[in-house]
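Descriptive analysis of the structure
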Amino acid sequence: MRPSEAAALARQALADGESALAGSITERLLAEFASYPPARLVRALLAEQANDTDAALDDLRAVTSSEPTNSEARAAQARLFQRRGDTDRARMAARQSVELIPNEPEVLESALEILNVEPDALETSAAVLARVHLNCGWPDLAERHARVAVSESPERVDVRLTLAEALWRLGRLSACEAECRVVADQAEECVRAAVMRAHILSERGRTAEGQELLDRIGRIDPEFREARELLGTLEVHRLVLPGVVEIDLPPELVRQSNGTVEPVAEPGADSAPVEAQTADGREGQAETLGDSAVQDQLSQPVEDLPGSEDQVDTAGSVAVTGEESAVSSEQLRLDEVAEEPVSLDAEETPAGEVPPVSSDAAAEAAAPTDEADVGADFSTFDWARHLIEQSEWTEAERVLTDIVTANDPDVSRVDGLLLEAVAHRELRGSAWKLLGDHYMQTGRPQAAADAYLRAANVAGGSTE
């Protein structure tokens, strides 16, 4: 059993009110991985239940040192500070939790309760905008807002980490390293900063040092989740990701948990594994982020690359159904820009010429004509991609509009198609507008606001 699966059992036991079971699983995890953040977070929540404030705060300090962007840990700190009567620190921690965009309703509610505000009364800060832009794959905008946020709150290690990652994704490795050192001064065990520093060392020819630093991360993150996520966005790298370790839970603990082992993403971490290729051809696993409504975009971020408005750099791949082919993203090195636009379309174009007709006619024309073609489905999504390939922009926009209007239940599939469309200058404005409509339909207002802003920028002739 992986440590994350054991931690998921502990979280479920805690949610079910089985504190003793949650404690037993947690202690078993911490016996092998003393600094494992998910386990220490569960132990902190158990201590909070037991009114042991000091023990809970000790564990939470360790969690926020290794994961400065863990919104649940910040919300728990806020509750404990308020219990102690330290109102100022409670409000500060609650504000951080909200600005880290928690994906659990109860986490957000507890932070808002301490701030004593309604959700729609919150002002959009530079820290929030920086994280939103970074999660959407726009590191240039993320850097701009992160610098403002750092100047406003230089003590905020989570903001400093956002700035460091934006610089890393832009390929500005020296500036990134400087920020990572500042992060390490404030959060000594920050895993994300250590991964970026390990990569920077390897890029400078100090691969052995980078590998040693990466290996040390395993005592905090035994599954190397953050390393797989970050390094998986690169086309190549020189680091070798160690194998994932496992933990043997006593059978009685698994039985008490009904034997249900379902790995779930920890707050502030990422989930779906995809394959990544290293420079030596070794295969590792990268994991795409998704810890909030806004972070739904992270599995298919779009970024305008310098030198070409039509180029797209994706940090992951879009999950699709078994009837589709996976949309594989072609990654770019941080220190170079491809001369040709990156194609996100991994599906084959139907054989033969297809006349530019309406989407309904296209679906009828594409229907299999004999028994050999029964398995070759040609959907509206296929037709939209074909029209884009053929530069039939007007018809492509019409089909994309039909898809959004139909409100397809496969949200990630629609996200992926529209994010492919914005890579083309002729569709960019309308595709961002449709993406905003789709985000609103699927309950992601902050992401919708960003998409509408991008559409307005395109309409106004902005290059952002």
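Everything discussed here concerns the structure shown above.
Now for a look at the structure at hand.

Cut-offs applied
Residues numbered from 1 in each chain as written. Predicted model: local features only at pLDDT ≥ 70, side-chain atom pairs only at ≥ 80, totals over all residues. Heavy atoms only, no water. Helix = DSSP H or I, 4+ residues; strand = E, 2+ residues; numbered from the N terminus. Buried < 20%, exposed > 50% of the residue type's maximum accessible area, 1.4 Å probe, protein only. Arc of directions from axis to C-beta. Axes fitted to C-alpha atoms, helices over the stretch in contact; angles between N-to-C directions. Parallel < 35°, antiparallel > 145°, perpendicular 65-115°, else oblique. Left-handed = near helix turned anticlockwise from the far one by under 90°. Contact = heavy atoms within 4.5 Å. Nonpolar A, V, L, I, M, F, W, Y, C, P; charged D, E, K, R; others polar. Phe/Tyr/Trp six-rings, centres within 6.5 Å; stacked < 30°, edge-to-face > 60°. Lys NZ or Arg CZ within 6 Å of the ring centre and 35° of its normal. Expected span 1.5 Å × (residues − 1). Polar contact = N/O pair within 3.5 Å; in protein donor to acceptor, adjacent residues only side chain to side chain.

The number of helices and strands found in the protein chain is 21 helices and two strands. Burial analysis of the protein chain (464 residues in total) assigns 52% to the buried set.

Bringing helix α13 (residues 207-216) into the picture now. Listed as buried for α13 are G210, Q211, L213 and L214. Down the axis of α13, the sector holding all buried residues measures 160°, keeping them to one side.

The next thing to look at is the packing of helix α5 (residues 71-84) against helix α6 (residues 87-99). Each pair of packed helices gets described by two things: the angle between the helix axes and the distance between those axes. Where α5 meets α6, the closest approach of the two axes is 8 Å, and the angle between their N-to-C directions is 160°. Taken together, the axes of α5 and α6 are roughly antiparallel relative to one another. α6 is crossed by α5, and the crossing has left-handed handedness. When α5 is examined against α6, the residues S71, R74, A75, Q77, A78, F81 and Q82 are found in contact with a partner set consisting of R89, A90, A93, A94, Q96 and S97. Taken together, the residues of the contact of α5 with α6 break down into six nonpolar, five polar and two charged.

Quick look at the packing of aromatic side chains now. Think of a pair of aromatic rings as described by two things: how far the centres are apart, and how the planes are tilted against each other in angle. Across all of its chains, the model carries two aromatic pairs by this definition. Ring geometry for W138 and W432: centres 5.4 Å apart, planes at 70°, overall edge-to-face. One end of the pair, W138, is in the loop between α8 (126-135) and α9 (139-152); the other, W432, is in helix α20 (residues 428-441), and 294 residues separate them in sequence. Take W138 and W432: they sit in the same class, and that class is buried. If you follow R413 out to its NZ or CZ, it ends over the ring of F381, 3.7 Å from the centre. Looking at R454, its charged tip hangs above the ring of W138, at a distance of 4.5 Å from the centre.

So, on to α5. End to end, α5 covers 20 Å across 14 residues, agreeing with the expected 20 Å (1.5 Å per residue, within 8%). With respect to burial, α5 is a largely interior element, 10 of its 14 residues being buried. For α5, the complete set of buried residues consists of S71, E72, A73, R74, A75, A76, Q77, A78, L80 and F81. Looking at the packing, one finds that the buried side of α5 touches α1 (3-15), α3 (37-49), α4 (53-66), α6, α7 (105-115) and α10 (157-169). One side-chain oxygen at the N-terminal end of α5 lies 3.2 Å from the backbone nitrogen of E72; it belongs to N70. Immediately beyond the C-terminal end of α5, within one or two residues, lies G85, with a positive phi of roughly 90°.

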